[in-house]
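Examining the three-dimensional arrangement
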Amino acid sequence: MLDSKILRSDLDMVVEKLKTKNFNFDVDAFNQLEERRKSLQVSTENLQSQRNSRSRAIGEAKAKGDDIQPLLDEVASLGDQLKNAEGELGALQDQLDSLLFGIPNLPDASVPQGNSEEDNTQVLTWGEKPVFDFEPKDHIDLGQAIGGIDFERAAKLSGARFVTMTGPLVTLHRALIQFMLNQHTLQHGYTETYVPYLVNESSLFGTGQLPKFKEELFHIESENHDLYLIPTAEVPVTNFVAASIVEAKQLPLKFVAHTPCFRSEAGSYGKDTRGMIRQHQFEKVELVQVVKPRESMNALEELTGHAETILQLLGLAYRKVILCGGDLGFASTKTYDLEVWLPGQNAYREISSCSNMTDFQARRMKARWRNPETGKPELVHTLNGSGLAVGRTLLAIMENYQRADGSIEIPDVLLPYMHGMTEIRG
RNA sequence: GGAGAGAUGGCUGAGUGGUCGAAAGCGCUCCCCUGCUAAGGGAGUAUACGUUAAUAGCGUAUCGAGGGUUCGAAUCCCUCUCUCUCCGCCA
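The structure reproduced in this document is the subject of the present report. What you see is a predicted model, and the numbers here were worked out from it, not measured in a lab.

Now for the overall build of chain A. Within chain A, the regular secondary structure consists of 13 helices and 18 strands. Expressed as lengths along the three principal axes of its C-alpha atoms, the size of chain A is roughly 100 × 45 × 45 Å. Buried positions account for 49% of the 426 residues belonging to chain A. A sequence separation of at least 24 residues applies to 73% of the contacts in chain A between residues at least 6 apart. Of the roughly 20700 Å² of accessible surface on chain A, a fraction of 47% belongs to carbon and sulfur atoms. Across chain A, the centroid of the 44 positively charged side chains sits 3 Å from that of the 59 negatively charged ones.

Here it is as structure tokens:
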């Protein structure tokens, strides 16, 4: 959510910046609503003021033992007028709110113009793409050869976009999670957290998934419950600081959480239908930071670096891009995507997305810190990034570490977690 | 699942219809005193919105959330959420 003050004071700048995010702001509609809101608010507050002073007078008169009936007659019509005015103002405020809630965060000046993935700018590439003296398979064929990855079985249980895995590949999957968590807690200074996988509407509003992106969520509604499956650990973890004031000396807060993520993938029919790239359910190790506003851009570099370290330690070639305005997420002011090289697809594919949300989520969540310089509570900045998406990391390892006979070598850093296994074969 | 208690400012906690944005204490800030430290004295100390050149004044809202009663609600009524205690059940 943007600061409604800058909408009023610097609307042109806001509209201009939103254009780079391909968001067309209806200036006329906003101005009209604003005008009406202003006059209605003033007149409503006048009525409230009258009511308050009259009521006080009645109280005083009563205390003195005077006859209050004439005073009561005077205020007889005030109640109805007030009720009308308050109702009208409330309805108008709701309209303005729903407008405001739907406006994305403003992009940083360093964000390139553009409409789609193609316009993202590459910052760097790391590592050597593996060279094979045979035709590399994709993870689906590899999984089939080794056994243990079964999409049809999952379809029987749940439907499309699910998978069951059995055997050593699942051990590798678990090893990845352990490795990532250990790296982030022991080397990068994050605090490990355990969180609910079902969250309420207000949490999702706080991080920006609601009200605008409801169709992308799994909604659990029953007689006694109204909850959503988390699409990412960002939601529960970032909301740790919702409706609170954090002491300056506690910042930055750095949390890491391993959770499943659930996404309905509505609107992505026909996209990545094969394999494990795009699933309704996947595991992710998520990094979240809560920082002082001044430090958030540095924190984004740091956090992205932490995700990159995982790729580097796993020896996976990747490239780092800055998302262009059109590809940038709703709540983000700047996002780095890390794209891992997949030999089976002969392409780089997203494996991590690291974003600085500045005060956008903090304002929705009312997450603040006490600034010692002013003594006042001010909004914090929040950041998050995948460190990494585990399912995609698993298939990246399968495809990058495959051998001619279809077996898969285990990267060195994972060996301590594989209880003796050095390779996986069918 | 059954029975009961509760939710007030950064924190603890008073307040059961009127001048209450809210006593008191703690914490914090500033000042005074005191030859260190400690102790003591005084003043200040919520947030949002509107108006405004203004972080000055003034106005409005906010005592878990939403509704209601009333001229007037932290206080009374209803619904919901959450917390705690006891009993039962249970991974």
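Mapped onto the fold, Arg392 is located in helix H13 (residues 390–400). The buried charged residue Arg392 lacks any salt bridge partner; its closest oppositely charged side chain belongs to Glu350, at an N-O distance of 4.7 Å. Separated by 3.0 Å, the side chain of Arg392 and the backbone oxygen of Ile277 make a polar contact. Each residue touching Arg392, except ones within four places of it in the same chain, is listed here: Ile277, Arg278, Glu350 and Ile351.

This brings us to the protein's contact with RNA strand B. Near RNA strand B lie 24 residues; those nearest to it are Arg8, Gln41, Gln48, Arg51 and Ser55. Residue Ser49 places a side-chain N or O atom 3.3 Å away from a sugar or linking oxygen belonging to RNA strand B. Take Arg51: an N or O atom from its side chain is 2.7 Å from a phosphate oxygen of RNA strand B. No other element matches helix H3 (residues 27–64), which puts 15 residues into the surface near RNA strand B. Among the residues forming the surface near RNA strand B, the class breakdown is seven nonpolar, six polar and eleven charged.

Rules used throughout
- Residues numbered from 1 in each chain as written.
- Chains lettered and ligands numbered in written order.
- Predicted model: local features only at pLDDT ≥ 70, side-chain atom pairs only at ≥ 80, totals over all residues.
- Heavy atoms only, no water.
- Helix = DSSP H or I, 4+ residues; strand = E, 2+ residues; numbered from the N terminus.
- Buried < 20%, exposed > 50% of the residue type's maximum accessible area, 1.4 Å probe, protein only.
- Contact = heavy atoms within 4.5 Å.
- Areas by Shrake-Rupley, 256 points an atom, 1.4 Å probe, with all protein chains shown as cover.
- Lys, Arg positive; Asp, Glu negative; His and termini not counted.
- Charge placed at Lys NZ, Arg CZ, Asp CG, Glu CD.
- Salt bridge = Lys/Arg side-chain N within 4 Å of Asp/Glu carboxyl O.
- Polar contact = N/O pair within 3.5 Å; in protein donor to acceptor, adjacent residues only side chain to side chain.
- Near = heavy atom within 4 Å.
- Nonpolar A, V, L, I, M, F, W, Y, C, P; charged D, E, K, R; others polar.

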